[in-house]
6 protein chains.
Amino acid sequence: MLQTKFPSQSETVMTEMVLPNDTNNLGNLMGGNLLHWMDICSAMAAGKHANTIAVTAAVDNVSFQHPIARGAIVTLRSRVTRAFNTSMEVYIEVFSETMASQEKLLTNTAYYTFVALGENGLPCPVPAIEPETEEDRRRFEGALRRRELRLVLSGRLKPSDTPALQALFKVD
Amino acid sequence: MLQTKFPSQSETVMTEMVLPNDTNNLGNLMGGNLLHWMDICSAMAAGKHANTIAVTAAVDNVSFQHPIARGAIVTLRSRVTRAFNTSMEVYIEVFSETMASQEKLLTNTAYYTFVALGENGLPCPVPAIEPETEEDRRRFEGALRRRELRLVLSGRLKPSDTPALQALFKVD
Amino acid sequence: MLQTKFPSQSETVMTEMVLPNDTNNLGNLMGGNLLHWMDICSAMAAGKHANTIAVTAAVDNVSFQHPIARGAIVTLRSRVTRAFNTSMEVYIEVFSETMASQEKLLTNTAYYTFVALGENGLPCPVPAIEPETEEDRRRFEGALRRRELRLVLSGRLKPSDTPALQALFKVD
Amino acid sequence: MLQTKFPSQSETVMTEMVLPNDTNNLGNLMGGNLLHWMDICSAMAAGKHANTIAVTAAVDNVSFQHPIARGAIVTLRSRVTRAFNTSMEVYIEVFSETMASQEKLLTNTAYYTFVALGENGLPCPVPAIEPETEEDRRRFEGALRRRELRLVLSGRLKPSDTPALQALFKVD
Amino acid sequence: MLQTKFPSQSETVMTEMVLPNDTNNLGNLMGGNLLHWMDICSAMAAGKHANTIAVTAAVDNVSFQHPIARGAIVTLRSRVTRAFNTSMEVYIEVFSETMASQEKLLTNTAYYTFVALGENGLPCPVPAIEPETEEDRRRFEGALRRRELRLVLSGRLKPSDTPALQALFKVD
Amino acid sequence: MLQTKFPSQSETVMTEMVLPNDTNNLGNLMGGNLLHWMDICSAMAAGKHANTIAVTAAVDNVSFQHPIARGAIVTLRSRVTRAFNTSMEVYIEVFSETMASQEKLLTNTAYYTFVALGENGLPCPVPAIEPETEEDRRRFEGALRRRELRLVLSGRLKPSDTPALQALFKVD
């Protein structure tokens, strides 16, 4: 049996500078470029947790709160929140700052799901997660609910079979 | 008041060939590259509907069902499903085929949300959507539920204020 | 013997958005980028017709009629016009439109020639073309003349052995 | 009146190494990448001749004689062959060699036509060409014929108004 | 007068995954790609220290100790070692690890020098550095010697005017 | 024994045009892009000299004397200065010019060191260099000194074992 790991063991930090070709016609970072960077940053977190290559299985709840201007420094920080047999959920936060101000602004958050693949190219088991911090624990709990949601939305689970979601959306 | 538009008026088709640098170490298209292409394809659909530039506001329910091998032809097809004042939800489907087989396989689907920006860079109203086909209508209806979900997940709406979701997850 | 195919069976549509790095110092799409996109778009048409990989053998008569500005949506549409044993001529049209206007302007046309390669890397036979529309038929006829021209220009045919061209340029 | 220039004054040499992403699925340089490099190399020759920015107006007679393998060194050599008021024809040759052999093989030739643009973005006159070498002279003469051909093919000239072509394709 | 800063205040961490196009024909990361990443990573450290844009003035002593294979995770870590009026020396370390082993191997080190530019595009003063750790102090001391060396090598200082270097290379 | 070669036999010329994505936020060529181009240009010189693939081992004394603006034509010229068993030092010069002025300005110089690798991936011997011109001879002599310096700076040689450097920095 694989040894349990902490979320901090998979933490991955990526820093990028917004260059001209990363921008749209308003001079801000294009959403698609950021989605690409988030994918790489979270794939590395998943790979560190699984000790093998991990491929993207789902992307959810990516929100874009503030535009990021050309020239800004973008910091991405990802860590595995929970593991489910052969898959892992990764939480990722994106901050932007300018050279002049250097105040980090939280601009994006997202959840990416990865599947670990063994040398034969088939899904392989990954270590379980043992949350450490209060926030780790909160994300660990929420992961169940987000997983039910993913399965409902992809048609692989009936809404009536989702106790965690039913508890959330119940009418009082 | 802006004239209503049909989803078909914003339909955008993009075809790409999977080149070496688009692949991961298993020789398949990387998730991040596909997310980037989907963003561009759906941004063009949103821009056509709004007749102005549109920036990514949210990405949800991206699922990756099958790996896409190097050399494959990838077809992306996007159309606006519903408009909400200044924002639009875009549905996007991704198909892959090989030169030899030419059977199109549905490999990914996703919902992207965009905000239309006027010349002053501020959100501006977009035309409403009038669904035509049966499928358009189904996606138009579901858009309400997905929007409630996005607002709950980003903390801007309480789970108790989501009639569409409560109806879905109610315990009988 | 390979079954005859229609030009419409190879039709390939590609949509691109002109991003900052695609532009020259006047803020318009660089010719070289467009040539690259046209090559990919027509290679996919040739590959669909031949059901195997096809490599560029010649490019002719590419004309650039209007500049395409940064931010524009570019639509490329290609289809095989005629097949000659192991090679195929592909006709490609390029249209540009802006988000605001959405009037499609024909900006470029070109003929690309491809050779189909089999699994051993050698040229392999491709299906013949059966033109359907009036325009298909006109392009099918002209293909002979353009082929004579390519062979004369590359020194593989003497000008005196080109009946189709002689008919075109004859002095009355 | 602008001073006449020699073709050698615009000669531009570009050397590139074929990297993984420049290749197709056979491991050879993709036609589209080479077209892009040829455009840049000949745009620099045209710019040097015109002393101002030059944009691509036409591409003709690009032939691909040999595949160029990944890892090869590609040398492009361009020079202006003739100038016509505001436009210039550029001839470009492409050679490939491997690190091991270092025998240069002529793999491609092409003619690109450029229009010089002044500061106001409108076409501006360019110096005339005075051919020096025997080869320069031959290309200078042929440029008239190729120009007639371009104008016929783009529908701006009737085949009956092309003395140089009529002489070439006359029936004895 | 600008307030002194610690090296740790400019520390910048960048993580990259080696993708196919980053590699040479041996399947290892190309030196040129790594030089590019190091430039971006150290430019961000310099920009954070100077609170303004910083441009590369010199690169020295870049050593490549081990090849980095495709698929590896590359971590770059940079911090300002010393400031000289308008310029800054940045030290940068590069580590590589594989998904499977996750042992970080020091593969490269380098010194990059940057000049801070103000809003008028001219060099502007930057804060002095106050070293904290033992290693910071050692790099701070060595910076003088490396600066003398840069000035000698670029011909702006005579070897006879370099007390720090003379002390180092003196014959006993 | 391998036959001696002249520096001119490895000379490699590369011409690039500064495109939008190559620039920083001041509209000038980014240092990192130039370092990348210099690496490719000098790797080709080393490969031509060694007749086999060569990988970067060290980069030294890169100086950036003038900013290079977007739209400029950049010419890189590299040649092997001296060979040491399995390694080679390459000198590289960078010139920039604008379309309008066409005066070449020397903007950068650098020394790159490469190691030749044989088919087994291990270092293999390379031909010795026989300098021809006065400048070749000066660079050939200096190469010994620069090599001592690289070995001292990477800790593989003691400052007391560097006769060439001691002669340079001796106190009179």
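Up top is the structure.
Residues numbered from 1 in each chain as written. Chains lettered and ligands numbered in written order. Predicted model: local features only at pLDDT ≥ 70, side-chain atom pairs only at ≥ 80, totals over all residues. Heavy atoms only, no water.

(A) How the structure looks around the overall build of chain A. Summing up its helical and strand segments, chain A has three helices and five strands in all. Listed N to C, the secondary structure of chain A is β-α-β-β-β-β-α-α in terms of helices and strands. Taken over C-alpha atoms, the radius of gyration comes to 17 Å for chain A, in line with the 16 Å a tight globule of 172 residues would show. Viewed in the frame of its principal axes, chain A has a C-alpha envelope of about 50 × 45 × 30 Å. The burial tally for chain A puts 61% of its 172 residues in the buried class. In chain A, the proportion of contacts linking residues at least 24 apart, taken out of those at least 6 apart, comes to 69%. Just so you have it, chain A exposes about 7100 Å², and 52% of that area is on carbon and sulfur atoms. (Helix = DSSP H or I, 4+ residues; strand = E, 2+ residues; numbered from the N terminus. Rg over C-alpha atoms; globule rule 2.2 N^0.38 Å. Buried < 20%, exposed > 50% of the residue type's maximum accessible area, 1.4 Å probe, protein only. Contact = heavy atoms within 4.5 Å. Areas by Shrake-Rupley, 256 points an atom, 1.4 Å probe, with all protein chains shown as cover.)

(B) Broad picture of helix H1 (residues 31–50) of chain A. All names here are of chain A. The end-to-end C-alpha separation of H1 is 28 Å, in line with the 28 Å expected for 20 residues at 1.5 Å each. Across the 20 residues that make up H1, a large majority, 20, are buried. At the exit of H1 stands Asn51, carrying a positive phi of roughly 60 degrees. (Expected span 1.5 Å × (residues − 1).)

(C) Inspection of the sheet that holds strand S1 (residues 12–17) of chain F at higher detail. Across the sheet, which stays open at both edges, the 10 strands sit in the order S1(E)-S3(E)-S4(E)-S5(E)-S2(E)-S2(F)-S5(F)-S4(F)-S3(F)-S1(F) with antiparallel pairing between neighbours. Across the chains shown, the open sheet's two edge strands, defined by having one partner strand only, are strand S1 (12–17) of chain E together with S1 of chain F. Sheet twist, expressed as the mean angle between neighbouring strand axes with direction ignored, is 25 degrees. Both strand S3 (residues 73–84) of chain F and strand S4 (residues 87–97) of chain F contribute to a ladder of 11 bridges, which runs antiparallel. Residue pairing for S4(F): F:Arg79 is matched across the bridge by F:Tyr91. Against the sheet, H1(A) touches S1, strand S3 (73–84) and strand S4 (87–97) of chain E, its axis set at about 80 degrees to S1(E). Across the sheet, helix H2 (residues 134–153) of chain E touches strand S2 (54–64), S3, S4 and strand S5 (105–116) of chain E together with strand S2 (54–64) of chain F, and the angle it forms with S3(E) is around 75 degrees. (Pairing = 2+ DSSP bridges. Axes fitted to C-alpha atoms, helices over the stretch in contact; angles between N-to-C directions.)

(D) Focus on the relation of the copies chain B and chain E. Placing chain B over chain E gives an RMSD of 0.0 Å and needs a rotation angle of 120 degrees, together with 0.0 Å of translation along the axis. Both copies of the chain, as the preceding transformation shows, are related through a three-fold rotation axis. Relative to the rotation axis, the closest C-alpha in chain B is found at B:Asn21, a distance of 3.0 Å. (Least-squares fit on C-alpha atoms with pLDDT ≥ 70 in both.)

(E) A look at the packing of helix H1 (residues 31–50) of chain E against helix H1 (residues 31–50) of chain F. Packing of H1(E) against H1(F) leaves a shortest axis separation of 8 Å and a crossing angle of 165 degrees. It follows from the interaxial angle that H1(E) and H1(F) lie roughly antiparallel. Seen along the crossing, H1(E) lies across H1(F) with a hand that is right-handed. Residues E:Gly31, E:Gly32, E:Asn33, E:Leu35, E:His36 and E:Asp39 of H1(E) form the contact with H1(F), whose own contacting residues are F:Gly31, F:Gly32, F:Asn33, F:Leu35, F:His36 and F:Asp39. The class makeup of the residues in the contact of H1(E) with H1(F) is two nonpolar, eight polar and two charged. (Parallel < 35°, antiparallel > 145°, perpendicular 65-115°, else oblique. Left-handed = near helix turned anticlockwise from the far one by under 90°. Nonpolar A, V, L, I, M, F, W, Y, C, P; charged D, E, K, R; others polar.)

(F) Expanded view of the environment of B:Asp22. Residue and element names in this part refer to chain B. Relative to the helices and strands, Asp22 resides in the loop between strand S1 (12–17) and helix H1 (31–50). C-alpha of Asp22 to C-alpha of Asp136: the two residues are 114 residues apart in sequence and 32 Å apart in space. Beyond its immediate sequence surroundings of up to four residues, Asp22 is in contact with Met17, Asn28, Leu29, Met30, Asn33 and Trp37. Side-chain polar atoms of Asp22 contact the side chain of Asn33, separated by 3.2 Å. (Polar contact = N/O pair within 3.5 Å; in protein donor to acceptor, adjacent residues only side chain to side chain.)

(G) Representation of the packing of aromatic side chains within the structure. Taken as a whole and assessed by the stated rule, the structure comprises 12 aromatic pairs over all chains. Residues B:Tyr112 and B:Phe114 carry aromatic rings whose centres are separated by 6.3 Å and whose planes lie at 15 degrees to one another, so their mutual orientation is stacked. For the cation-ring pair, A:Arg139 lies above A:Tyr91, with the distance from its terminal atom to the ring centre recorded as 3.4 Å. The ring of D:Phe84 is capped by D:Arg147, whose NZ or CZ atom sits 4.5 Å from the centre of that ring. (Phe/Tyr/Trp six-rings, centres within 6.5 Å; stacked < 30°, edge-to-face > 60°. Lys NZ or Arg CZ within 6 Å of the ring centre and 35° of its normal.)

(H) Representation of the sheet that holds strand S5 (residues 105–116) of chain A in the model. Taken in spatial order, the 10 strands line up as S1(A)-S3(A)-S4(A)-S5(A)-S2(A)-S2(B)-S5(B)-S4(B)-S3(B)-S1(B) in an open sheet, and their pairing is antiparallel. Either end of the sheet is taken by a strand with one partner, and the two such strands are strand S1 (12–17) of chain A together with S1 of chain B. Direction aside, the axes of adjacent strands within the sheet are offset by 25 degrees on average. Contacts between H1(A) and the sheet are confined to S1, strand S2 (54–64), strand S3 (73–84), strand S4 (87–97) and S5 of chain A together with strand S2 (54–64) and strand S5 (105–116) of chain B, with S3(A) contributing the most and set at about 45 degrees to the helix. Strands in contact with helix H1 (residues 31–50) of chain C are S1, strand S3 (73–84) and strand S4 (87–97) of chain B; relative to S1(B), the strand with the most contacts, it is inclined by about 80 degrees.

(I) Broad picture of the interface of chain A and chain B. With 35 residues of chain A in contact, the opposing surface of chain B contributes 35 residues. Between chain A and chain B, the buried area comes to about 2900 Å², and carbon and sulfur atoms account for 70% of it. Inspection of the chain A/chain B interface yields zero salt bridges. Summed over the shared surface of chain A and chain B, the result is 12 residue pairs in polar contact (both at pLDDT 80 or more). Classifying every residue of the side of chain A that touches chain B gives 21 nonpolar, 11 polar and three charged. Of the strand pairs in this sheet, S2(A) and S2(B) are connected by four bridges, and their pairing is antiparallel. Following the sheet pairing, A:Val62 is matched in S2(B) by B:Val59. (Buried area = accessible area lost by both parts, 1.4 Å probe. Salt bridge = Lys/Arg side-chain N within 4 Å of Asp/Glu carboxyl O.)

Limitation: the analysis is restricted to geometry and does not speak to function.
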